[in-house]
Amino acid sequence: MLPVQEAESIILNLVQPFDPRLETQVVELSAATNRILAATVTSNLDFPHWDNSAMDGYAVHYSDVQSCNREQPVVLTIVEEIPAGYQPQCEVKPGQASRIFTGGCMPKGADTVVIQENTKLQDNQVVILEAPQPQAFVRHRASFYQAQTSLMKPGIRLGAPEIAVLAAAQCNQLTVYRRPRVAIFSTGNELVTPDQPLKPGQIVDSNQYALATFVSLLGGVPIPMGIVRDQPDDLKNAIANAISQADMVLSTGGVSVGDYDYVDQILAQLGAEIHIHSVAVKPGKPLTVATFTSPLPNSPEESDLSTTPSCSKRPVLYFGLPGNPVSALVSCWRFVKPALLKLSGLPEEVSKPIFVKAIASNDLHAGGRRETYLWGQLCLDAAGAYEFHLASGSHSSGNLINLAYTNGLALVPIGKTLIRAGESVLVLQVGEGLARAKGNIKSG
Ligand SMILES: Nc1nc2c(c(=O)[nH]1)N[C@H]1C(S)=C(S)[C@@H](COP(=O)(O)OP(=O)(O)OC[C@H]3O[C@@H](n4cnc5c(N)ncnc54)[C@H](O)[C@@H]3O)O[C@H]1N2
Ligand code: MOO
Ligand SMILES: [Mg+2]
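The rules we used
The numbers attached to residues start from 1 for each chain and follow its sequence in the written order. Note on labels: chains are lettered from A, ligands numbered from 1, in written order. The model is predicted, so local features are restricted to residues of pLDDT at least 70 and side-chain atom pairs to those at 80 or more, both for listing and for counting; the totals for chains, interfaces and linings are taken over all residues. Note that the side-chain values use all heavy atoms of the structure and ignore hydrogens as well as water. The way it works is that DSSP assigns letters per residue, a run of H or I at least four long becomes a helix, a run of E at least two long becomes a strand, and they are numbered from the N terminus. The globule rule used for comparison is 2.2 Å times the number of residues to the exponent 0.38, while the radius of gyration itself is calculated over C-alpha atoms. Categorising residues by exposure relies on relative accessible area from a 1.4 Å probe, with only protein chains included: less than 20% of the type maximum marks a residue as buried, more than 50% marks it as exposed, and the intermediate range marks it as partly exposed. The working definition used for a salt bridge is a side-chain nitrogen of Lys or Arg within 4 Å of a carboxyl oxygen of Asp or Glu. The criterion for a disulfide is a pair of cysteine sulfur atoms lying within 2.5 Å. The arc in question is the one traced by the directions running from the helix axis out to the C-beta atoms. When two rings of Phe, Tyr or Trp (its six-membered ring) have centres within 6.5 Å they constitute a pair, described as stacked for plane angles under 30 degrees, edge-to-face for angles over 60, and tilted for the intermediate range. Note on geometry: axes are lines fitted to C-alpha atoms, helical ones only across the stretch in contact, with angles between N-to-C directions running from 0 to 180 degrees. Note that the term roughly parallel is reserved for angles under 35 degrees, roughly antiparallel for angles over 145, roughly perpendicular for angles of 65 to 115, and oblique for everything else. Crossing handedness follows the turn of the near helix against the far one: under a right angle anticlockwise gives a left-handed crossing, and clockwise gives a right-handed one. Any two residues whose heavy atoms approach within 4.5 Å are treated as being in contact.

### Focus on the overall build of the protein
Summing up its helical and strand segments, the protein has 8 helices and 28 strands in all. Taken against the 2.2 N^0.38 rule, which gives 22 Å for 444 residues, the C-alpha radius of gyration of the protein at 30 Å runs more than 25% over that of a compact globule. In terms of overall dimensions, the protein has C-alpha extents of about 95 × 60 × 40 Å along its principal axes. The burial tally for the protein puts 46% of its 444 residues in the buried class.

### Examining the pattern of salt bridges
Scanning all chains against the criterion turns up 8 salt bridges. Here E23 makes a salt bridge to R314, at a shortest N to O gap of 2.8 Å. You can see E23 sitting in the loop between α1 (4-14) and β1 (24-28) and its partner R314 sitting in the loop between β20 (286-292) and β21 (316-321), a full 291 residues away along the chain. Under the relative-accessibility criterion, E23 is labelled buried at 7%. A relative accessible area of 7% places R314 in the buried class. For D46, the salt bridge identified is with R141, shortest N-O distance 2.8 Å. Within this pair, whereas D46 is found in the loop between β2 (41-42) and β3 (52-53), its partner R141 is found in the loop between β10 (138-139) and β11 (150-152), the two being separated by 95 residues in sequence.

### Points about the state of the cysteines
Throughout the structure, instances matching the rule amount to 0 disulfides. With no disulfide of its own, C105 has C90 as its nearest cysteine by sulfur position, at a separation of 14 Å. Under the relative-accessibility criterion, C105 is labelled buried at 14%.

### A word on α1
Along α1, the residues that are buried comprise V4, A7, E8, I11 and L12. Summarising the axial view, the buried residues of α1 lie within an arc of 130 degrees, below the 170-degree limit, and thus occupy one face. Along α1, exposed side chains directed more than 90 degrees from the buried face belong to Q5 and N13.

### Re the packing of aromatic side chains
Within the structure shown, the criterion is met by 1 aromatic pair. Arranged with centres 6.2 Å apart and planes meeting at 65 degrees, the rings of F47 and Y145 form a pair that is edge-to-face. One end of the pair, F47, is in the loop between β2 and β3; the other, Y145, is in the loop between β10 and β11, and 98 residues separate them in sequence.

### Remarks on the packing of helix α4 (residues 206-217) against helix α7 (residues 325-344)
Where α4 meets α7, the axes come as close as 11 Å, and the angle between the chain directions of the two elements is 25 degrees. Put simply, α4 runs roughly parallel to α7. Pair α4 / α7 crosses with right-handed handedness. For the pair formed by α4 and α7, the contact residues are S206, N207, A210, L211, F214 and V215 on the first element and P325, A328, L329, C332, W333, V336, K337 and L340 on the second.

Shown next, in the form of structure tokens:
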């Protein structure tokens, strides 16, 4: 059994990130959400595009108003009104001002804006009651960003703030990495789909759904390949088929020591290089990690792969995940996620798991022989510190019922059998962020 850290670094070293010259595509801005930028973006626009006012007030010559105050105000003649979106027509000459609104273009001649709170309107004249700072409230052209310089660098996932910047900068087409294709199948004679009635001994293949959701949320393209019987020939065909069309394969089940656990054996027969068999982690001990570096004899010719570019050329990373539903997901969170993010084009430091220090709200028990992950909810206490609330109910890797609402996995290191309530614990962040408040904690 490999220590978790060692397994993590073996896996990350096996991942060849997408090539920014070859494994990219151009997408419209409207379709770029959640994609990862593969090339530096520049814009033809300066930000701001022109000198404009940050406030509602009057555009003036600083020299006209620099010494005024409420006792000795300065009176200026208003020559024009400049709302946002209007192109000023008049030059502001000494002794003059233009009425200006937030976002309005600065008129020629003016260099400073006096906010309207420091003025008084008298017919077509404005009385300036307080001297502004020189160049006050003028947002100068190119002071935020200069055209043709780097606006955004590759390796960033495009969320709402990035999309806002790109839209404003009129970057309508973007070079992004292609999305990793991830084949997913489940092994097991006992498995049926959720819509099938259960016969004695059967259970629903929940892993297929868990893993497809996991992959989608990380920006990959899940290729669901269904249920494969615990039968060597079926498994061989399924693996060969998966390898031929994906960058990564996730199978669940069949990786332990039982008579029907065929995955490692078939991988070896198909010429895979097996790097990991098991990891000292609970749940998730049986974990097979393998690579296929050359196309399989029965994989399609390259010319047949026009819709799946380069799948046959790049090494395919295979994760044989344990069948127990919690073990499968914990292995995904701890090991598959960093690999998938690195493959997708994110820098390795961004791909790595995020642990936060929290105060345990419950006693956390472990066996001491494997690094143990206990699922539950991470939230903030009233003082803004993290708290970890253990999901109630069984922490058996076969029990997925108390997995809903999980956003954190508390880590009990090897050698430790108890972290007491009130003590500090490292928690791996998973899923969709923080539980809002203690009141929202759900139990299984
Ligand atoms: N003698 C030993 N037995 C086991 C060991 C061991 O070290 N010695 N390890 C145990 C651990 S830990 C795990 S985890 C499991 C892993 O087993 P497999 O990966 O071989 O998975 P299966 O045997 O196929 O199934 C295990 C379990 O999970 C259920 N399952 C399988 N697939 C799905 C699915 N798609 N959706 C929902 N549930 C699924 C299956 O019915 C079994 O109950 O091995 C232990 N055994
Ligand atoms: O490693 Mo298994 O995942 O403990 O049940
Ligand atoms: Mg088994």
